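Descriptive analysis of the structure
One letter stands for each residue in the lines below.
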Amino acid sequence: MAAPTPTLPPVRLLPAARLAAAARETPLLDAAVRLARWTRTEGGRAVDDRGGLAPGERRAAAAELGPSSGGTEEGCREAPGALAAAGELDEAWGLAGYLGLVDVDPGIEVVEDRPDDGRPGRPGDGGTRPAGGTSRRGGGGRAVPGPALEQAETGSPDEVLSLWQDAVGYVVARTVGPDPQGSAAPSGGPSAAPSGSAAGGAAGGAAGHDPASAQAFLDAALENLYVISALEPSGGRREAGAAPTGPRPPGAPAPAGTADGPAATGPAADGVTAAVPLPVLAASLVVPDGTDEPTPEVLEELTSVMARLDDLFAPLAAVGLVDHSPAGPRHGSVRLTPLGVYAVRRRLLDAGYDAPALGDAAERDAAALLTVLARYPEEAARTETARWLARRSPAGAAEQLLDAARGDDPQAPLRRLSCQQVLAMLGPVAEPAVRAVLDDPHLGGLARVWLAEHGAAGVPGPTEETVLWLTVDTVAAQLGAEDEHMLRELVRDLVVRHESFFNAAWRVDHPATAEVLEAMGRLHPDRDVAKEARRAAFRARSRHRVH
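Residue positions within a chain follow its written sequence, with the count starting from 1. For a predicted model such as this one, the threshold for reporting local features is a pLDDT of at least 70, and the threshold for listing and counting side-chain atom pairs is 80 or more; totals across whole chains, interfaces and linings nevertheless cover every residue. Note that water and hydrogens are dropped before the side-chain values are worked out from all heavy atoms of the structure.

**As for the overall build of the protein**
Strands here mean DSSP runs of E at least two residues long; helices mean DSSP runs of H or I at least four residues long; both are numbered from the N terminus. Summing up its helical and strand segments, the protein has 22 helices and eight strands in all. For the protein, buried positions account for 48% of its 547 residues. To be clear on the numbers: accessible area is Shrake-Rupley with a 1.4 Å probe, and residue cover counts the displayed protein chains and nothing else. Taken as a whole, the protein presents about 26,100 Å² of accessible surface, with 52% of it coming from carbon and sulfur. Buried, partly exposed and exposed residues are distinguished by accessible area as a fraction of the type maximum, computed with a 1.4 Å probe on protein chains only: under 20%, between the cut-offs, and over 50%, respectively.

As structure tokens, this is what we get:
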């Protein structure tokens, strides 16, 4: 059996046009594009025999990028801060060549016919005279604008984002590659890799460096940062992963995580995520789940991991993937930029994750909407629902939702819970559609609860059979929740309110009756009640086999 697809919390993506504009402004790509424009001169710009900037051109290139990005050759030798600036210049030039923003010809071979006099080459010949009477010497290389420059300047948002993602790939490859000191460019890069990479030391130095391990560490860090960012507090009223508010038996308590529960989580409205302290991110990578008090060994590893994260995020900040505050007197922090959310999500999708973005369900049918809402935090669920409703008439939406909520399949109880939440957002306009299903075996209980909660007149009272069926359906929808506290409280309350619940519940004609009763037997703290629940579950299974 195939392993289940990992499901991640939803994220909010900015429109492609805004992401592309942000990509153009990222420091490293912006510098590479400006250098490519700088080569728009007659004959281009001079390069050395490895494709790097010729010594005579470096000062002009540094001036093109400005004081913060280049400095002078003399300044690069004099001041420690300028050494980093020189490294940025080389990094931008190397990226320009890798992306095709510039075309670099590192030199030419000049072949001269000469008689073979048997003597070695003279000083200035550029080499010895090979057999056959020819002489080879290096010619001056030139750099001119490449085909990707037009893509960067006037391309569509998707073309610009594709170019930016290639830039991210370049930086990542140099960060985790065979030599983390930056002496090797990614495959397909310029013939001369830029020197002085900001990625130097990202994985603890070249000695004993394992590129595959470094890549796995970076992937894990970005995935955890992505999840933490998606689940950051943002003012909602329900825990991440909790089922949406839905129908419940009359008198039953509001589940934890609804209006009376803890704050929900979700992506920020502008796509900007909160900064995550490096100790928090490091702990997510090394501290085992359920650890109350880290051991000295774990604390030592945390310190090491924080240092690695600091080194990794510095070059990623230059390409706009993260905003990074390095560790200093205080612990550092990091956050994914909107571009970073976009890029990491693409990478996770390619790896086979279910990584939804808000708005994915807006054009899908009601069943698809109800299915995704069941696993969304409340704020994200409301955003997704609002986008879906905006494309439909209120009356038509209510009818589609109720129709999608029918069914005896295992996911049907969750769809009904989600349906109740969406109907609450629609308000009174949904009443005609809700009244139309009062006699429906799957939806009658939901309809009665919804109408009563909205103060509708003339609502028929529920029968005992309806109450029991709705109770089983409500508990069934909660069985997959990771946190069983809410379900445990619901089970205890049901038993208190219905003294003879188990005597009647095993007869309920619901496909999940036996499973619900078994869960109640497992969750209820009273041993006698738990035993009664298990006995009722056995009777329900026996009844199902007979029928």
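**Focus on the sheet that holds strand 5 (residues 141–145)**
Following DSSP output, two strands are said to pair if at least two bridges run between them. With antiparallel pairing, three strands are arranged side by side in an open sheet as 1-5-2. The strands lining the two open edges of the sheet, one partner per strand, are strand 1 (45–47) and strand 2 (102–105). The sheet shows a mean angle of 30° between the axes of neighbouring strands, direction not considered. The pairing of strand 1 with strand 5 spans three bridges and is classified as antiparallel. From the neighbouring strand, Ala 46 faces strand 5, where its bridge partner is Arg 142. In this analysis, axes come from line fits to C-alpha atoms, helices being fitted only over the stretch in contact, and the angle between any two N-to-C directions falls in the range 0 to 180 degrees.

**Here's the deal with the packing of helix 8 (residues 211–230) against helix 9 (residues 278–286)**
Relative orientation and spacing of two packed helices are given, respectively, by the angle between their axes and the distance between those axes. In the contact formed by helix 8 and helix 9, the axes pass within 10 Å of each other and the chain directions differ by 115°. Pair helix 8 / helix 9 crosses with right-handed handedness. Residues Phe 217, Ala 220, Ala 221, Asn 224, Leu 225 and Ile 228 of helix 8 form the contact with helix 9, whose own contacting residues are Val 280, Leu 281, Ser 284 and Leu 285. For any helix crossing, the convention is left-handed if the near helix is rotated counterclockwise from the far helix by under a right angle, and right-handed if that rotation is clockwise. Residue contacts follow a heavy-atom distance rule, with two residues in contact if any of their heavy atoms lie within 4.5 Å.

**Let's talk about the confidence of the model for the protein**
Each residue carries a pLDDT score, the predictor's confidence in it, ranging from 0 to 100. Chain-level statistics for the protein give a pLDDT mean of 79 and a share of 75% at 70 or above. Element-level mean pLDDT values for the protein span from 34 in helix 4 (residues 73–78) up to 97 in helix 1 (residues 16–24). In the model, residues 68–84 has pLDDT below 50 throughout and makes 17 contacts with residues more than four positions away in sequence or in other chains. Across residues 234–267, confidence stays below pLDDT 50; counting only partners more than four residues off in sequence or on other chains, it has 106 contacts.

**Considering helix 8**
An ideal rise of 1.5 Å per residue puts 28 Å on 20 residues; helix 8 measures up with 28 Å between its terminal C-alpha atoms. Looking only at helix 8, the buried set comprises Ala 214, Phe 217, Leu 218, Ala 221, Leu 222, Leu 225, Tyr 226, Ser 229 and Ala 230. Where helix 8 begins, the capping side chain belongs to Asp 210, and its oxygen is found 3.2 Å from the backbone nitrogen of Ala 212. Helix span, as expected, comes to 1.5 Å for every residue beyond the first. We define a polar contact as two N or O atoms separated by no more than 3.5 Å, with the added condition that, inside protein, one atom must be a possible hydrogen donor and the other a possible acceptor, whereas residues neighbouring each other in sequence contribute only through side-chain atom pairs.

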